[in-house]
Amino acid sequence: MVKISLNQVHAVRDQWSLSASGTFNEGVHLVSGDVGSGKSTLALMMAGLLPLSGGEIGKEKIITSMLSLQFPELHVTGLSVAEECASWGVAPDEILDTIGLTGKKEASPLSLSRGELKRLHLACVLAKDYDLLLLDEPFSSLDCEEKVKLCARIGQKSKGITVIFTHEQNILPRVKRIWEIVDGTLVDCGMPPDAFTHWRHVPPIIKKLTALGSTPNNISRDDFLEAACRIQG
Amino acid sequence: MITAEFLCYRNLAIDALTINPGITTIIGANGSGKTTFLKLCAGIAVPDSGTLMIDDALPRETETGWVNEFPDRNILFVNVFDEISSPLRFRRIPCDEIDSNVRACSETMGITHLLTRAVRELSGGEKVLVSLAAALVHHPKVLVLDEYDSHLDAHSLAKIEQGIRKSGADYVIRCTQQMDTAIHSDYLLFFDSGRITHAGTPDFVFPFLKGTAYYPFLSEG
């Protein structure tokens, strides 16, 4: 089985530091944390793109890995949308219709609206299966409908480790495990719904449903709806 | 009052719109014209035809503060203090006054610890907080925020929501994909394909959006 283990991983910068230990197994993981808490730093370290100040990261059976950065323009290498798709090894005709970019093949990726560029980027990233897929703020720039679609797409993934680093609280996919960064330390909150009791970044909707006596089973909109229906009968 | 009459620009067309002082939030899909409208309000773009007036003045004659969702596109200076103080420096305000204003504004935003940092080293969300501070530091009459909350966590949002309300801006015009933010507005506009299809208080507008991804969960049951 694929797995990535963090053993007393450290990042230090001036007065700021991050320490992380834990094992990420196959499935979808959520890492929540405040602005500046170190979500992106952790993603970069797990991708092997940032040297560790201390500790070690062990990877098992991870041959292919991909980090999707928060700002999609940082990924752009093609002069046109078609070239950009090709750079990811994706045929433009296969994805452009599905992301509402029909007829934009010749457009410059940087002339797209930010929502369009994020959709293009995510479609390219998700077109392939990676053993380790790290998604840094994948929901930013997407409108609510697109967030729902992205959750469905992530939910279809059957193989590999997917780690979502985000502060999004309303529209999320069903996840296997929840983590959070609190006071410079990565905390393993465990699996939902048990994780909710000590998850400091628990979404308000989960708190509210729990207070009403109906804890959702997981963190997707479907789970919230199901829990809300249980109350209303 | 902000008034629009027969406003046309790119894909946007608004026949008549009146916005009273307070917090106005625009919601709708990517590409529905939200940012286009905000650019007109901030005077970054001018209409192809029709008028948009803020208390009987053109946006370009009005003090406005602007925050882009991708703050990198707007940040000019290398370090945080210089970036936040820039609107005041451009106005040739005395240095000690600049200093105290920047500090007060940074405190409201909870970013005093960032003042000596290089902007390049900040996280995405921290950059947004810096841009917000730079927009608020000169006390604009109109504050225009383009999906500023897309990169912010709930804690930071709650903090800056206070900052926005205390800013003294007569008008706050913002767009968001966070319906929990949208619900706390005086006025809500729903854009669809360059047209305003719903306008009114959140209590009035949201019932029309029931069953869509734009309907906030928290208002249910």
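What counts, and where the lines are drawn
Residues numbered from 1 in each chain as written. Chains lettered and ligands numbered in written order. Predicted model: local features only at pLDDT ≥ 70, side-chain atom pairs only at ≥ 80, totals over all residues. Contact = placed C-beta atoms within 7 Å. Helix = DSSP H or I, 4+ residues; strand = E, 2+ residues; numbered from the N terminus. Nonpolar A, V, L, I, M, F, W, Y, C, P; charged D, E, K, R; others polar. Core = buried A, V, L, I, M, F, W, Y, C linked by C-beta atoms within 7 Å. Buried ≥ 20, exposed ≤ 12 C-beta atoms within 10 Å, placed from the backbone. Domains from an automatic or database assignment. Pairing = 2+ DSSP bridges. Axes fitted to C-alpha atoms, helices over the stretch in contact; angles between N-to-C directions.

### Considering the interface of chain B and chain A
Part 1 of the argument: Counting residues at the interface gives 27 residues for chain B and 29 residues for chain A.
Part 2 of the argument: Of all the elements in the fold, those that place two or more residues in the side of chain B that touches chain A are helix H4 (124-136), helix H5 (154-166) and helix H6 (179-182) of chain B.
Part 3 of the argument: Residue contributions to the side of chain B that touches chain A peak at 4 residues, all from H4 of chain B.
Part 4 of the argument: Of the residues assigned to the side of chain B that touches chain A, the class counts are 10 nonpolar, 12 polar and 5 charged.

### Regarding the nonpolar core
Residues and elements named next belong to chain B.
Part 1 of the argument: Val 130, Leu 132 and Ala 133 are the most contacted members of the largest nonpolar core, which totals 129 residues.
Part 2 of the argument: Sorting elements by how many residues they give to this core places H4 first, with 8 residues.
Part 3 of the argument: Not counting residues up to four positions away in its chain, the partners in contact with Val 130 are Pro 71, Val 80, Glu 83, Ile 84, Ile 111, Leu 114, Val 119 and Leu 122.

### Some words on the environment of Phe 190 of chain B
Residue and element names in this part refer to chain B.
Part 1 of the argument: For Phe 190, the position within the fold is in strand S8 (residues 187-192).
Part 2 of the argument: Counting along the chain gives 29 residues from Phe 190 to Glu 161, while the straight-line C-alpha distance between them is 21 Å.
Part 3 of the argument: The contact partners of Phe 190, leaving out residues within four places of it in the chain, are Ile 27, Gly 28, Thr 197, His 198, Val 205 and Leu 209.

### Looking at the domain arrangement of chain B
Residue and element names in this part refer to chain B.
Part 1 of the argument: Assigned domains within chain B: domain 1 (1-63 + 142-155 + 168-216) and domain 2 (66-138).
Part 2 of the argument: Using only C-alpha atoms to locate each centre, domain 1 and domain 2 end up separated by 25 Å.
Part 3 of the argument: Every contact between the two is made by 12 residues of domain 1 and, on the other side, 9 residues of domain 2.
Part 4 of the argument: With 4 residues, the single largest contributor to the side of domain 1 that touches domain 2 is strand S6 (residues 142-146).

### Overview of the sheet that holds S6 of chain B
Within a sheet, neighbouring strands are paired by backbone hydrogen bonds and run either parallel or antiparallel to one another.
Residue and element names in this part refer to chain B.
Part 1 of the argument: In spatial order, the strands read S5-S6-S7-S3-S8-S9; together these 6 strands make up an open sheet with mixed pairing. Each edge of the open sheet carries a strand with a single partner, namely strand S5 (64-67) and strand S9 (195-200). Each adjacent strand pair in this sheet contributes to an overall mean axis angle of 15 degrees, direction not counted.
Part 2 of the argument: The strands that helix H1 (residues 34-42) touches are strand S3 (22-28), S5, S6, strand S7 (171-175) and S8; relative to S6, the one it contacts most, it runs at about 155 degrees.

### Re the sheet that holds strand S1 (residues 2-9) of chain B
Residue and element names in this part refer to chain B.
Part 1 of the argument: If you trace the 3 strands from one edge of the open sheet to the other, you get S2-S1-S4, paired in antiparallel fashion. Each edge of the sheet is formed by a strand with only one pairing partner; in this case those strands are strand S2 (12-19) and strand S4 (49-54). Taken over all neighbouring pairs, the strand axes of this sheet differ in orientation by 15 degrees on average, direction set aside.
Part 2 of the argument: Across 7 bridges, S1 lies against S2 in antiparallel orientation. Bridge assignment links Ala 4 to a residue of S2, and that residue is Leu 17.

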